[in-house]
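# Coordinate inspection notes
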Amino acid sequence: MENHSFVQRLIARPEFGPLVLLVVELVVFWGINPDFLSPQNISNILAFTVELGLIALAMTLLMTSGEFDLSVGSLFGFSPVLMWTLFNSGVTSLEMGLLIALIVAALVGLVNGWFVTQLKIPSFLVTLGMLLVVRGTALFITDGFPQRTWSAEGSWLANILVGDFYVGPFRIYASLFWFIGAAIVLGYVLTQSRTGNWIQAAGGNPNAARARGVNVNRVKVGLFILSAVMASLAGVISSLRTSAANPNSGTGYELEVIAMVVIGGTALTGGRGTIIGTVLGILILRVMRNGIVLIGVPGLAYNIFIGAIILGMMALHSWLERRHQAGT
Amino acid sequence: MTSADTSPRLAGSATPKAKPDFRLPSETGVVVALAVLVGLLGWLHRPFLEPANLLVLVEQAALPGIAAIGMVFVLAIREIDLSVGAVFHLAAVAAAVLIAAGTDPWLSVLAGIALGTCIGLVNGLLAQALRVPVIAVTLGSWWMADGLSSVIGKGQAITPPAGDGSFFSTLSGKAFGMVPASVAIFVLLAAALQIVLHRTRFGYRAQATGSNPEAAAHAGIATATVRLTALALMGAVAGLAGVIHLGAQGTIAPADGNGFALFAITAALLGGTRLSGGHGSVVGAAIGALVIQVVLNGMALLGIGSAWASFAVGALLVAALAADRIGRIWRSHRAERRQAGKRG
Amino acid sequence: MSDSPLISVRNLAKRLGGFVALEDVSLAAERGTIHAIVGESGAGKSTMARILAGIERADSGAIEIDGHSVAIDSPSAARKHGIAVALQQSALFPDRSVLANLFVNREPLRSGLVSRREMQARSFALLRQLGLAVDVGAPLGELGAAERQLVGIARALLDHPRLLVLDESCEALDRSQGDRLFAVLRELKARGMTMLYLTSRLEEALALADQVSVIRNGRDVLSKPRSDLTATEEAMIGQLGLTLFPLPLRSLSNVAGTLRPQLTVSGLSGGRLAGVGFSARAGEIVGLAGLRGSGASDLLAMLFGQRRARKGKVRFPDGDGLPKTRTEAARRGICLISSHAGNGVMADKSIAFNLSSVVLGARDWGRRWYSPKAAAERAARLVEALRIRSGSDELAGSLSAGGRQKVALGRWLEIGPQVVLLDEPARGIDIGSKQEIYGLVRQMAASGCVVLMHSSEMSELAGLCDRVIAFRDGRLAGEVAGSEMDAATLRKLITGDTAAPAREPATTSQRNAA
């Protein structure tokens, strides 16, 4: 009896669907091409996972509070450009450049949050406008060309962020630990802290949250800043790892990140979010992108699969929710 | 104002208004913006005002403008369609592939438009069945349509053989010897849909649904049907824009249609359509599309780098939103003052 | 210091949009007492509760606590002054667990993390006292209306306030739940807590309070200690509402008896409803009495095609069964006017636009074109009939709640409805509009409509209806007509406090246990 209800509870959890999908994906890809689970390929998947993953984690909290941020992709491209430009022109050290880039990103988040909370414009559109503004600025700084980057090998900053080492046959980047750390911290924040309760209250019923003295606007502005800073950090990590800073990098990332979060089971309308689900969503999409090529399907088809997974997962969550309600 | 109503009024008697309030049409802002921008650019750069240049400008605005016209209906029902650009592209690719395979061009074009309509319908049906906002569904269908067209087109431009048939010559031709076909379609469509939105039962229902979906459903309006119709219309219009592009250019390249959704939303908002649903202006959206195109062309003419193009569209979007919001605050302020005046 | 009342409110006034919710209210509550504030819905009680909760700010007037003037400008300020408010429609979070709802923004922390165990420990005793036996980990949305109301009250109590404000706290509770709540409140009073109990039911106030105040139309009209209230005064307060109801048309019900039954419902189940059957004739107003969650609202929604019925048979005057959709209902002349569905109007559209919504929106016959001129002419006719005192080109959002409700009703007049379903049609609107809506309802009945009206205000049903059917827990609990129809009898029927002696011992034992 006890066991039965445990299984039922497990199935009813929003993370269950994504988990099954991920397992199926792994088995199918591995079955078709055993190289898929080779250490080199796994290392490869993990390296890319982290950078989009950091953004997706912050986006989960933001979407739980009922808002979107579409400007993350452009910040991903803009921040490293800014950092390298400052460094190359000899104005600042690399560390100082990073700090300035993060502060600028935080300001972008602040502006997003201000427009959304004070002017009450839907975040979807505010951040869409911000996406273009930031991307335009990045292109202007660089005249549209990739920035010359200095090989960051040996800098302590690079070591902390993207230093790599081997664990057995696996090549691991330090950024993986940043990602795991961020996932644990944000997971705890969302489910176990008072801030997390504020976030869920703000997304679930903003007026009720205000009536209980929750400062909904401050929570939202804070999350916009968090998402901007995380996007900027992810961009810097990516540029350090690849020793490149391209003003166009990160194009379209916003939709991929939102797809990851949605696939994981976070409600698009706010109020309900799960970090574990997001981590699964991140893995599902990265594994899909990687595996599809390995099993010989043209990479162009990737978008079709993403779209299908998004729609399928939305259908699953809506079905689960309705069954849940019907059961009462 | 305050002294107007001192005489006692009979309850229930329809009081004739002493002075009807003069209300500016919602398109005023965008018309003024267009006039100022054109005037400014003409003053800074005389050749801008040459008819040939202006015609080119309108032609460039026509296709995203058509998408914006459709978006007005979607915004009027308080939804947002993200898939516009991908549908535009997919319809053009599908038509191009069919033509290349030897199908009659006009038939292929109809198939392209029908495909767009179907995607719109599917978007609507999914949103209805899953009870999620259209924006969420179109996030998924955007990915799918985008993927499909790049798989069909193998990631390259498709140029179907022009061959015989009147399709390409008609659409790349000019009406009355000077107006490009796409512009003629754009203008006619804007006029027709303006009437549909403001003078037909469907338009009425769309506005009612967007203004307060629950109240509309409660008054017996079949809101599900209204939503489906509006989204199908959006799909059809996006498909139409796609095949016009194919006909006029003779080719469809991978990047065509990128950013259409954003362009369309911005143009509609500039033209006085409200994000909060219930209010739309098709003519305003068409003029809004012209405003965006004037800004883009003007920047190119004045030698401002194209890097700033996306910056400008983004800034315009945010400005339009802020203006919409501030306008609303002002309106409610005025309504409150009027109320206070009535009592006093 | 202790001479001054815990809280006193002077000349409080508040305007909501174009509507005066509170005009001039002064009150004072002594320490350790329960002060009941009695008034009909729309009298301004809820507005006062929201002001004390810091959700809204008064336009003018002063609030003093311990004799010092204070500004309650935010929910946290209210909390700082020791005020906790259980609102009528408690602002809750249906997706989140009961526990999370109880402790929103007051989560106990253990080493920085929210402690679920601590939350359980703190709320356990209180929940048991209130008789709230639910899984505290389950989402709140799964609970019934009564349990949700108790969660809202428990949440306010968990703040351990000095002043507890309760707004219509018994509204969804049945008799035994209400008794338990009263026992808890009395015990808290004995421990020194001060309470403001806002209610529309005089009998609740008389049973619980030390001091009774009456407010009407946003003004306080009477305030006396319970013990000083004379029988005539009690009767007077109880009668206040009755003057509202239009009487002249009432004789019509006698004629109606000779007409054939028009709307028959048999064995209808679905939602909370289980096997309900009755019939209603054209020309009479049939009241549906029931607490929130008793199924009366569900019944109306089913008849309107808004909810699905599980089983049962319904025959409408036109000979057909239940409509499948609201659109079908509207086309067949079945209309529902409800206070639940948002505000019922499109606030950012003109009154004329709103008044066309059934004619143009629901019907598929007639002209396919929308003509603003025709809409304006239609509106001119209706505005007159509805006594709406604004031009038809003004926005519906500029109307008061009462005006909006009149528009929501008026849009149906044009199609000449056959069956008129009313779900709390006069809830939360000003007295003048109430009176006009009652008049319209009477007129519609007189013109040959079948009228069903649900209300949770018994005096409203007793005053307006020809007969009343009572609902309890989704079943019929009795039918009253003619001279036996008064608020007290109806209340007994719907709360299960029947004369049946079997229930009595159970209630007393619970009272003793609490």
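In case you missed it, the structure is sitting above this.
Now for a quick tour of the structure.

Cut-off values and rules
- Residues numbered from 1 in each chain as written.
- Chains lettered and ligands numbered in written order.
- Predicted model: local features only at pLDDT ≥ 70, side-chain atom pairs only at ≥ 80, totals over all residues.
- Heavy atoms only, no water.
- Contact = heavy atoms within 4.5 Å.
- Buried area = accessible area lost by both parts, 1.4 Å probe.
- Helix = DSSP H or I, 4+ residues; strand = E, 2+ residues; numbered from the N terminus.
- Axes fitted to C-alpha atoms, helices over the stretch in contact; angles between N-to-C directions.
- Parallel < 35°, antiparallel > 145°, perpendicular 65-115°, else oblique.
- Left-handed = near helix turned anticlockwise from the far one by under 90°.
- Nonpolar A, V, L, I, M, F, W, Y, C, P; charged D, E, K, R; others polar.
- Bend = angle between axes of the 7 residues up to and from the residue.
- Pairing = 2+ DSSP bridges.
- Salt bridge = Lys/Arg side-chain N within 4 Å of Asp/Glu carboxyl O.
- Core = buried A, V, L, I, M, F, W, Y, C linked by side-chain atoms within 4.5 Å.
- Buried < 20%, exposed > 50% of the residue type's maximum accessible area, 1.4 Å probe, protein only.
- 1 Å grid on protein atoms, 1.4 Å probe; cavity = no way out; pocket = protein on both sides within 12 Å on 5 of 7 lines; lining within 4 Å.
- Points joined across faces, edges and corners; volume = space filled by probe spheres on them.
- Polar contact = N/O pair within 3.5 Å; in protein donor to acceptor, adjacent residues only side chain to side chain.
- Phe/Tyr/Trp six-rings, centres within 6.5 Å; stacked < 30°, edge-to-face > 60°.
- Lys NZ or Arg CZ within 6 Å of the ring centre and 35° of its normal.
- Expected span 1.5 Å × (residues − 1).
- Arc of directions from axis to C-beta.

## Some thoughts on the interface of chain A and chain C
The interface of chain A with chain C comprises 19 residues on the first partner and 20 residues on the second. Buried surface at the junction of chain A and chain C, summed over both partners, amounts to about 1,900 Å²; 51% is from carbon and sulfur atoms. For the chain A face of the interface with chain C, the top three residues by lost area are Arg194(A), Asn197(A) and Arg212(A), together amounting to 39%. Elements represented by at least two residues in the side of chain A that touches chain C include exactly α8 (174-192), α9 (194-204) and α10 (206-211) of chain A. When residues of the side of chain A that touches chain C are assigned to their parent elements, the largest contribution, six residues, is made by α9(A).

## Quick word on the packing of helix α12 (residues 253-264) of chain A against helix α5 (residues 134-152) of chain B
Any two packed helices are characterised by how steeply their axes cross, that is the angle between the axes, and by the distance between the axes. α5(B) packs onto α12(A) with a crossing angle of 120° between their chain directions and a minimal axis gap of 11 Å. Between α12(A) and α5(B), the angle is such that the two are oblique. By crossing handedness, the relation of α12(A) to α5(B) is classed as left-handed. In this structure, α12(A) contributes Leu255(A), Glu256(A), Ile258(A) and Ala259(A) to the contact, and α5(B) contributes Leu139(B), Trp142(B) and Trp143(B). Its residues assigned to classes, the contact of α12(A) with α5(B) comprises six nonpolar, no polar and one charged.

## Notes on helix α2 (residues 51-76) of chain B
In α2(B), a bend of some 40° at Ala62(B) exceeds every other bend along the element, and Pro64(B), a proline, comes one to four places later. A positive phi of about 65° marks Arg78(B), the residue just after α2(B).

## Here's the deal with unusual backbone geometry
Working note: non-glycine residues mostly have negative phi, and peptide bonds are mostly trans. Its identity is not glycine, yet Arg131(B) carries a phi of approximately 55°, on the positive side. Within the fold, Arg131(B) resides in the loop between α4 (105-130) and α5.

## So, the pairing of strand β21 (residues 475-481) of chain C
Residue and element names in this part refer to chain C. Both strand β20 (residues 467-472) and β21 contribute to a ladder of six bridges, which runs antiparallel. In the sheet register, Arg 472 faces β21, and the bridge partner there is Arg 475. Here β20 folds back onto β21, and the loop between the two strands holds two residues, one of which, Asp 473, carries a positive phi near 50°.

## Quick notes on the pattern of salt bridges
Applying the stated rule across the entire model yields 39 salt bridges over all chains. Put simply, Glu107(C) and Arg194(A) hold a salt bridge, and the shortest N to O gap is 3.4 Å. Linking Glu107(C) in the loop between α3 (98-102) and β7 (109-110) with Arg194(A) in helix α9, this pair reaches from one chain into another. Several salt bridges converge on common partners, so that one network encompasses Arg201(B), Arg205(B), Arg331(C) and Asp364(C).

## Let's talk about the nonpolar core
Phe124(A), Leu125(A), Leu285(A), Ile310(A), Ile80(B) and Leu269(B) are the most contacted members of the largest nonpolar core, which has 182 residues in total. By residue number, the principal contributor to this core is α2(B), which donates 13 residues. Not counting residues up to four positions away in its chain, the partners in contact with Leu125(A) are Ile80(B), Ile265(B), Leu269(B), Leu275(B), Leu317(B) and Leu321(B). Among the nonpolar cores identified, the runner-up in size contains 79 residues, and Ile285(C), Leu288(C), Ala296(C) and Ala470(C) belong to it.

## Notes on empty space enclosed by the protein
In the structure shown here, the tally under the stated rule is eight cavities of 30 Å³ or more. Of the pockets and cavities examined, the largest cavity occupies roughly 240 Å³. Around the largest cavity, the lining is made up of 20 residues, and of these Ala211(A), Arg212(A), Ala53(C), Val85(C) and Arg106(C) lie nearest the centre. If you list the elements that add at least two residues to the lining of the largest cavity, you get α2 (75-80), β6 (83-86) and α5 (145-157) of chain C. With four residues, β6(C) is the single largest residue contributor to the lining of the largest cavity. Of the residues in the lining of the largest cavity, the class split is twelve nonpolar, three polar and five charged.

## Structural notes on the interface of chain C and chain B
Contact residues are listed per partner, giving 42 residues for chain C and 35 residues for chain B. Counting the surface lost from both chain C and chain B, the interface buries some 3,400 Å², and carbon and sulfur atoms represent 48% of this. Linking chain C with chain B are three salt bridges. A salt bridge links Asp364(C) to Arg205(B); its shortest N-O distance comes to 3.4 Å. For the interface between chain C and chain B, the tally reads 19 residue pairs in polar contact (both at pLDDT 80 or more). Elements that contribute at least two residues to the side of chain C that touches chain B include exactly α11 (326-331), β17 (334-338), α12 (351-355), α13 (357-361), α14 (372-386) and α15 (401-413) of chain C. Considering each element in turn, the side of chain C that touches chain B owes the most residues, four residues, to α13(C). Broken down by class, the residue content of the side of chain C that touches chain B amounts to 16 nonpolar, twelve polar and 14 charged.

## Here we look at the packing of aromatic side chains
Taken as a whole and assessed by the stated rule, the structure comprises 16 aromatic pairs over all chains. Their ring planes at 80° and their centres at 5.9 Å tell us that Trp84(A) and Phe87(A) sit as a pair that is edge-to-face. With Trp84(A) and Phe87(A) both in helix α4 (residues 72-88) and three residues apart, the pair spans about one turn of that helix. Of the residues examined, Trp84(A) reaches a relative accessible area of 0% and is grouped as buried. Judged by relative accessible area, which is 22%, Phe87(A) ranks as partly exposed. Centroid distance Phe182(C) to Tyr197(C): 6.0 Å. Interplanar angle 85°. Geometry classified as edge-to-face. In this pair, Phe182(C) is assigned in helix α6 (residues 175-190) and Tyr197(C) in strand β10 (residues 194-199), connecting sequence segments 15 residues apart. Tyr197(C) carries the same exposure label as Phe182(C), and that label is buried. By way of ring pairs, the aromatic residues Trp106(B), Phe167(B) and Phe168(B) are connected into one cluster. Just above the ring of Tyr173(A) sits the side chain of Arg241(A); from NZ or CZ to the centre is 5.8 Å. The ring of Phe353(C) has Lys349(C) lying over it, and the distance from NZ or CZ to the ring centre is 4.8 Å.

## With respect to the environment of Ala352(C)
Residues and elements named next belong to chain C. Among the secondary structure elements, Ala 352 is positioned in helix α12. Looking at Ala 352, the relative accessible area reads 9%, which means it is buried. With 34 residues separating them in the primary sequence, Ala 352 and Leu 386 have C-alpha atoms 13 Å apart. Apart from the residues within four sequence positions on either side, Ala 352 is in contact with Ala 375, Ala 376, Ala 379 and Ser 392.

## Thoughts on the side chain of His245(B)
All names here are of chain B. Note that His 245 resides in helix α10 (residues 223-249). Residue classification places His 245 among the buried positions, given a relative accessible area of 11%. Excluding its chain neighbours within four sequence positions, the residues that come into contact with His 245 are Leu 63, Phe 88, Gly 250, Thr 251, Ile 252 and Asp 256.

## A look at helix α2 (residues 16-32) of chain A
Residue and element names in this part refer to chain A. Under the 1.5 Å per step criterion, the end-to-end length of α2 is 25 Å for 17 residues, consistent within 8% with the ideal 24 Å. Among all positions in α2, only Gly 17, Pro 18, Leu 22, Glu 25 and Phe 29 are buried. The buried side chains of α2 occupy one side of the element, clustering within an arc of 130° when seen end-on. Opposite its buried face, α2 presents the exposed residues Val 27 and Gly 31, each directed more than 90 degrees away.

## Some details on the packing of helix α7 (residues 181-199) of chain B against helix α12 (residues 282-301) of chain B
Running from amino to carboxyl end, α7(B) crosses α12(B) at an angle of 150°, the nearest separation of the two axes being 8 Å. When α7(B) is examined against α12(B), the residues Phe186(B), Ala190(B), Leu193(B), Gln194(B) and Leu197(B) are found in contact with a partner set consisting of Val282(B), Val283(B) and Ala286(B).

## Considering the sheet that holds β17(C)
All names here are of chain C. With respect to topology, six strands assemble into an open sheet ordered β17-β18-β19-β15-β20-β21, the strand pairing being mixed. The two strands at the open ends of the sheet, each matched to only one other strand, are β17 and β21. Here the average twist between neighbouring strands, direction ignored, is 20°. For strand β18 (residues 419-423) and strand β19 (residues 450-455), the ladder comprises five bridges, and the chain directions are parallel. If you follow Leu 421 over to β19, its bridge partner there is Leu 452. Of the strands in this sheet, β15 (285-289), β20 and β21 touch helix α18 (residues 487-495), which is tilted by about 30° from β20.

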